Amino acid sequence: ECVSGCVCPEGLFDDGKGGCVQEKDCPCSHNNQQYSPGEKITVDCNTCTCQNGDWSCTKDLCYGTCIIYGSGHYITFDGKFYDFDGSCEYVATQDFCGDKNSSGSFSIITENVPCGTTGVTCSKAIKIFLGKTELKLENKDYKEIQRDNGDDVKYWNRTVGLYLVIEASNGVILIWDKKTTVFIKLTPDYKGKVCGLCGNFDDKSNNDFTTRNGLQETNALKFGNSWKQSSMCPDVTEEIKPCDVKPHRKSWAEKECSIIQSEVFKICHSKVDPTPFYEACVHDACSCDSGGDCECFCSAVAAYAQECTKAQACVFWRTPDICPIFCDYYN
């Protein structure tokens, strides 16, 4: 039936705020926020401009980023979240894919060791193979080993705030917080040409669980086991739930990690879903029970803060009581 109400005169459009505007003045929305005509936002490495109620974006190809953090949390190049707790060395990413003789220019290995007594694992060391150069990042430092065969691949290292950055001439960048967080960035040239725990970087997350044999898996454990470096390591057979193993830590973990879902991060909630980061935080806070409790918790919150910053929601969450950083020292 007819319902009385206000409508805009012909040729004008509702602007969502109770006003009527011409088409050229229509606002755009992104992550539940309204933007005026002419306003610009950054999405990954592209800039989008609001025009006639639609976004007009540049179409640059962006770096892919894979994140490994805390006790076995992975976010692939294509944005798939999963957990894998294996105690061994695993291929994080490499471009030696396909047949045995395929040539490649790099390989990044993560060495995972138990952190805490519940059986979950953290990345303790990272090995980077660039041509004939091997770099090992461990104990807050790195060392270089020259091998006999392989090409010469140049690389540079620098310290940026809390992070050690290794940048190679073949388009591989590794950013390490000297603890349990690693960011691997690849140029768009590697799209669809890499394999490992970080997925295949082909813009599709549903095929990221491709095993070393090229098979598609649905199970994170089978997928992860296929990328171990040594057949001597045991396979992971079950997913560890540290809060079930240490129920007395669960309420403490939930209380600490609630900062991710609190007002502190409110401006980020519509841009980056906090749920997987909150769950990962609780998982880590339950598992780190042999010292380093705060480090596990802080790494988990920092991972969410990092994603917020990428989505242009800068959050000042550290305080003298919560994960303080002594800026003077790091500057």
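Here the structure is shown first, and the text comes after it.
Read on for a plain summary of the structure. A quick note: this is a predicted structure, and the numbers were derived from the prediction, not measured.

**Describing the overall build of the chain**
Counting its regular elements, the chain contains seven helices and 19 strands. A principal-axis box enclosing the C-alpha atoms of the chain has dimensions of 75 × 50 × 50 Å. A burial count over the chain gives 45% of its 331 residues as buried. Nonlocal contacts in the chain, meaning residues at least 24 apart in sequence, comprise 48% of its contacts between residues at least 6 apart. Summing over all exposed atoms, the chain offers an accessible surface of approximately 17900 Å²; the carbon and sulfur share of this is 49%. Considering the chain, the positive charge centre built from 33 side chains and the negative charge centre built from 47 side chains are found 5 Å apart.

**Here we look at the side chain of E134**
On the secondary structure map, E134 appears in strand β14 (residues 133–138). Buried and unpaired, E134 has no salt bridge, with K127 as the nearest side chain of opposite charge at 4.7 Å. Leaving out residues up to four positions away in the same chain, E134 has contacts with K127, I128, F129, K143, E144, I145 and R147.

**Focus on the packing of aromatic side chains**
With the rule as written, the count across this model stands at 12 aromatic pairs. Consider the rings of F77 and F201, whose centres lie 5.3 Å apart with planes at 35°: the pair is tilted. You can see F77 sitting in the loop between β9 (73–75) and β10 (81–83) and its partner F201 sitting in the loop between β19 (182–186) and α1 (220–226), a full 124 residues away along the chain. With 4.7 Å between their ring centres and 20° between their planes, F209 and F223 make a pair best called stacked. Taken together, the residues span a long stretch of sequence, with F209 in the loop between β19 and α1 and F223 in helix α1 at a distance of 14 residues. Across the pair, F223 and F209 agree in class, each one buried. Connected via pairs of aromatic rings, a cluster forms that spans Y74, Y82, F209 and F223. The ring of F209 has K80 sitting right over it, with the charged end atom 4.7 Å from the ring centre.

Scoring rules and cut-offs
- Residues numbered from 1 in each chain as written.
- Predicted model: local features only at pLDDT ≥ 70, side-chain atom pairs only at ≥ 80, totals over all residues.
- Heavy atoms only, no water.
- Helix = DSSP H or I, 4+ residues; strand = E, 2+ residues; numbered from the N terminus.
- Buried < 20%, exposed > 50% of the residue type's maximum accessible area, 1.4 Å probe, protein only.
- Contact = heavy atoms within 4.5 Å.
- Areas by Shrake-Rupley, 256 points an atom, 1.4 Å probe, with all protein chains shown as cover.
- Lys, Arg positive; Asp, Glu negative; His and termini not counted.
- Charge placed at Lys NZ, Arg CZ, Asp CG, Glu CD.
- Salt bridge = Lys/Arg side-chain N within 4 Å of Asp/Glu carboxyl O.
- Phe/Tyr/Trp six-rings, centres within 6.5 Å; stacked < 30°, edge-to-face > 60°.
- Lys NZ or Arg CZ within 6 Å of the ring centre and 35° of its normal.

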